[in-house]
There are 2 protein chains.
Amino acid sequence: MENNILKDLIQKNNSKIVLLVIDGLGGLPIKGKTELEAAKTPNLDRLASIGSCGLSEAVGPGITPGSGPAHLALFGYDPITYLIGSGVLEALGIGLKLESTDLAARGNFATMDKKGVIIDRRAGRISTERNKELCSLLQKKIYLIEDIKVFFKPVKEHRCALLLKGKDLADGISDTDPQREGEKIKEATPLKKGATQTANFINKLTRRINEVLKGEIPANTILLRGISKIPRLPSFKEKYLLNSGAIATYPMYRGLAELLGMDILPTGETIKDEIKTLRENFQNYDFFYIHIKKSDSFGEDGNFEKKVSIIEEVDTFIPEIETLKPDVFVATGDHSTPSLLKSHSWHPSPFLLISKNCLSDNLPNFSERACCQGSLGKFPATAAMALMLANALRLKKFGA
Amino acid sequence: MENNILKDLIQKNNSKIVLLVIDGLGGLPIKGKTELEAAKTPNLDRLASIGSCGLSEAVGPGITPGSGPAHLALFGYDPITYLIGSGVLEALGIGLKLESTDLAARGNFATMDKKGVIIDRRAGRISTERNKELCSLLQKKIYLIEDIKVFFKPVKEHRCALLLKGKDLADGISDTDPQREGEKIKEATPLKKGATQTANFINKLTRRINEVLKGEIPANTILLRGISKIPRLPSFKEKYLLNSGAIATYPMYRGLAELLGMDILPTGETIKDEIKTLRENFQNYDFFYIHIKKSDSFGEDGNFEKKVSIIEEVDTFIPEIETLKPDVFVATGDHSTPSLLKSHSWHPSPFLLISKNCLSDNLPNFSERACCQGSLGKFPATAAMALMLANALRLKKFGA
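Residues numbered from 1 in each chain as written. Chains lettered and ligands numbered in written order. Predicted model: local features only at pLDDT ≥ 70, side-chain atom pairs only at ≥ 80, totals over all residues.

**Q** Would you explain the overall build of chain A in this entry?
**A** Scanning chain A from N- to C-terminus turns up 13 helices and 14 strands. In terms of C-alpha radius of gyration, chain A reaches 23 Å, essentially the compact-globule figure of 21 Å for 400 residues. The C-alpha extent of chain A, read off along each of the three principal axes, is 70 × 50 × 35 Å. The proportion of buried residues among the 400 residues of chain A is 52%. Counting only contacts in chain A whose residues sit at least 6 apart along the sequence, the fraction spanning at least 24 positions is 71%. (Helix = DSSP H or I, 4+ residues; strand = E, 2+ residues; numbered from the N terminus. Rg over C-alpha atoms; globule rule 2.2 N^0.38 Å. Buried ≥ 20, exposed ≤ 12 C-beta atoms within 10 Å, placed from the backbone. Contact = placed C-beta atoms within 7 Å.)

Given below as structure tokens:
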């Protein structure tokens, strides 16, 4: 649940808040220890003893969140109200700039037989190289249909993104991907009023794509999913009166932050680069979002040791963040990614908050199990911003 | 969130419940210990080892509640649905009896220059004595306008309360206080349908006040805030089938309890007096609300030692409450008031419940940090009444 009373309580001051999101931080034990427990994290452990800890839950008990909902929740946006379509996330993920009138979709190159039946939904996982060639072929042949500009962008292997720019494009269109082999490509249909024209356009576009790709077996069609626009999101500035800067190495997280009106701070590829960016910009913003990607990537790969090493690397930079003296510092994950499961999971994220105004929990270390004993308890991630703002003394009293 | 299934589950029996609210109980560490940790509380500590403990949160994570919302939540009323205006709270605070048709406002004596610009919102913090003189001057000159009775009541220093009694008075009127100096007094405007006439009345009244106070510099006007009526609240009797008595030394808490239909039991000024009142009335009610004020007052003053001593004093009366053998006894705060912050805060309140039917948590003591480990966990204060009623066996099973 998003906190709707918050907007009346916001007050400005000169405090600075740093939110460090270690993507997929939470894990499960292999040989008795989780990744966070196995990692040597003397700095985070020290902060856990003097800060407040708890477990944050992005969507709800048992619900495994995608990166979009997990981040929105942590930023205080109800992830069920503000659903970001997978087409938009895919487009953000490859660094496309989306306008509010644009329509984006996730595409799969696929194999269709002569009768139009899908026989391989991934076109034999063609190489990324081949994907690029096909996208540029499509782009050459299809650029403008009925005043709508069409962009084909390669992602990886068989995955591509489709971006449409034009007037009166509607979202609320069903997928053309039948989701299983042995069925024909589906007609796009309008799922809400006013979407008929766009649905017809998608079907026309699919026919044009099939013409261009004829003979390019195994990649002779594209299946579309998650046809969507960017949701209308109140900005961080509006919602919290915070000037905020985002530091992230991956395009999707920069894109998400941009949707919320954060300034995207140019940074390098490493954690060291990100901390340098924080230091150099520290005087210019009230709120910093720093995103560490690789803890999640190695979790998804099932690489326990590498995930441990990323957490350990993050830990070495904690003292540098401390020397900046943020008024509130939070280290947490957006969701858990246990190496054991090789995927995101539903387990809540360890959450550590430190400020002059927090109860020190005296916990022995920063870990999933220690956080169970913390004073913040288990709480919805949508409350995290209220906790940060409160500790920064940026919230007035509610009621007399 | 208020629990709406409760009303169908309520059953009567002969059990007795005692709710001891130690106002502003929760705190933050100074030299390693919170006020409650620093206090010698052998009796509360003993109860914590045999009772159930947890942390209760009045409004939500990060939200600092005023006394009104904090108490309503503890009594099981959703504090967001039932908002009590600050005018009503101020009037209750000085012991005024409000009827449902009355309108109350908080007033500030202020200084206005010749052009009508507010140059001091607090009239140089005039003495309470001067405040009384001015209220009685106003009362003499302004008593009845257009069939509406007007009452001016001094509070403290520059603060006064305004009470209006008459027909068709509406709430939903904007403040006349511009909230900052250098601006003119604001016109009261209707914020909802049907409030125009009352808004006009408030503006007329302000002009009359200015005429009377002309020449009384620095207190030559009154700024009004929180113009409000008492909200329609279902009574304790209706909601819980409880005959309840309130024991409080401060008028505001008696006033709040009266809004909920509790009987206000006459008592003295000390904690000893309050416990005596409990003992003398113990056979006459099902539910007792006892309010200890000074823990909050000393917290607001930043007086750690005095807050500790109030908690210690409360502790000495615990055995006397035990000898009455209430079926359910709860000791908690309405909100936290850390001496460190000199104000209410967002930190949840330590909560201790004891009954024949509770799990004994075997905690080492009664404190914020011990309560993190309690079996009640962290829970919304609006659930506290359900916990008390359940332990008193006053709730039937939900569903078959």
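And the narrative resumes.
**Q** I would appreciate a short explanation of the relation of the copies chain B and chain A in the present structure.
**A** Put simply, the two copies of the chain differ by a rotation about an axis and a shift along that axis. Superposing chain B onto chain A requires a rotation of 125° together with a translation of 0.2 Å along the rotation axis, leaving an RMSD of 0.1 Å. Read as a symmetry element, the transformation amounts to a three-fold axis. When each C-alpha of chain B is compared by its distance to the rotation axis, Gln373(B) comes out closest, at 3.6 Å. Little of the interface of chain B is mirrored in chain A, where only 7% of its interface residues again form contacts. (Least-squares fit on C-alpha atoms with pLDDT ≥ 70 in both.)

**Q** Explanation requested: the environment of Ile185(B) in the structure shown.
**A** Residues and elements named next belong to chain B. Inspection of the secondary structure puts Ile 185 in the loop between β7 (159-165) and α6 (196-213). Exposure remark for Ile 185: the 22 C-beta atoms within 10 Å place this residue in the buried category. Here the alpha-carbon distance between Ile 185 and Val 117, two residues 68 residues apart in the chain, equals 6.9 Å. Other than its neighbours up to four places away in sequence, Ile 185 contacts Met 112, Gly 116, Ile 118, Thr 176, Pro 178, Thr 206, Thr 221 and Leu 223.

**Q** Is there a simple way to think about the pairing of strand β3 (residues 103-112) of chain A in this case?
**A** Sheet faces and side chains relate simply in a regular strand, where the side chains alternate between the two faces. All names here are of chain A. Buried residues dominate β3, accounting for 10 of its 10 residues. Neither face of β3 is open: one carries Leu 103, Ala 105, Gly 107, Phe 109 and Thr 111, the other Ala 104, Arg 106, Asn 108, Ala 110 and Met 112, and all of them are buried. By the bridge criterion, six bridges tie β3 to strand β7 (residues 159-165) in an arrangement that is antiparallel. For Arg 106, the partnering residue across the bridge sits in β7 and is Ala 161. Direction of pairing for β3 relative to strand β8 (residues 221-228): antiparallel, over a ladder of six bridges. In the strand pairing of β8, Ala 110 is matched with Thr 221. Taking the residues that link successive antiparallel strands as the turn, the β3-strand β4 (residues 118-120) hairpin has five residues, and the phi of Gly 116 there is positive, at about 90°. (Pairing = 2+ DSSP bridges.)

**Q** Before we go on, may I ask you to explain the sheet that holds strand β1 (residues 17-22) of chain B in this structure?
**A** Strand-to-strand pairing in sheets goes through backbone hydrogen bonds, with the strands running parallel or antiparallel. Residues and elements named next belong to chain B. Taken together, eight strands build an open sheet; the order of strands is β10-β9-β11-β1-β12-β13-β2-β14 and the sheet is mixed. Bordering the open sheet on either side are β10 (263-264) and β14 (377-380), each of which pairs with just one other strand. Of the strand pairs in this sheet, strand β9 (residues 244-248) and β10 are connected by two bridges, and their pairing is parallel. Counterpart to Ala 246 in the pairing with β10 is Ile 264.

**Q** What is the right way to look at the environment of Lys40(A) in this model?
**A** Topologically, Lys40(A) is positioned in the loop between α1 (35-38) and α2 (42-50). Each C-alpha atom, one on Lys40(A) and one on Leu92(A), is 34 Å from the other, the two residues being 52 residues apart in sequence.

**Q** What is the right way to look at helix α11 (residues 304-323) of chain A in this model?
**A** Given 3.6 residues to a turn, an α-helix orients residues that are three or four positions apart in the same direction. Residue and element names in this part refer to chain A. The terminal C-alpha atoms of α11 lie 31 Å apart, and with 20 residues this matches the ideal 28 Å at 1.5 Å per residue to within 8%. By the burial criterion, the buried members of α11 are Phe 304, Lys 307, Val 308, Ile 310, Ile 311, Val 314, Asp 315 and Ile 321. Where α11 ends, the next residue or the one after it, Lys 325, has phi of about 55°, a positive value. (Expected span 1.5 Å × (residues − 1).)

**Q** Help me understand the domain arrangement of chain A, please; the structure alone is not making it clear to me.
**A** In many analyses, interface size is given as the accessible surface area lost on bringing the parts together. All names here are of chain A. Segmenting chain A into domains produces domain 1 (6-82 + 233-391) and domain 2 (88-228). For domain 1 versus domain 2, the separation of C-alpha centres amounts to 35 Å. Residue-level contacts link five residues of domain 1 with five residues of domain 2. The leading source of residues in the side of domain 1 that touches domain 2 is helix α8 (residues 251-259), at four residues. Tallied by class, residues from the side of domain 1 that touches domain 2 come to three nonpolar, two polar and no charged. (Domains from an automatic or database assignment. Nonpolar A, V, L, I, M, F, W, Y, C, P; charged D, E, K, R; others polar.)

**Q** Quick question: what am I supposed to make of unusual backbone geometry here?
**A** Negative phi characterises most residues that are not glycine, and trans characterises most peptide bonds. Residue and element names in this part refer to chain A. The omega torsion of the bond from Ile 217 to Pro 218 falls at 10°, within 30 degrees of zero and hence cis. Summarising the element assignment, Pro 218 is placed in the loop between α6 (196-213) and β8. Residues other than glycine seldom take positive phi values, yet Asp 147 does so here, at roughly 65°. Within the fold, Asp 147 resides in the loop between β5 (144-145) and β6 (148-156). Under the C-beta neighbour-count criterion, Asp 147 is labelled exposed, with 9 such atoms within 10 Å.

**Q** For this particular structure, what's the right way to read the interface of chain B and chain A?
**A** Each partner contributes to the interface: chain B provides 30 residues, whereas chain A provides 22 residues. Class assignment of the residues belonging to the side of chain B that touches chain A gives a composition of 16 nonpolar, 11 polar and three charged.

**Q** Sorry if this is basic, but what is going on with the pairing of strand β11 (residues 287-292) of chain B here?
**A** Residues and elements named next belong to chain B. When you tally the buried positions in β11, you get six out of six residues, the bulk of the element. By the bridge criterion, six bridges tie β1 to β11 in an arrangement that is parallel. Looking across to β11, one finds that Leu 19 is bridged to Tyr 289. Two strands pair when backbone bridges link them, and β9 and β11 are joined in this way by five bridges, in the parallel orientation. Opposite Ile 247, over in β11, you have Ile 290 as the bridge partner.

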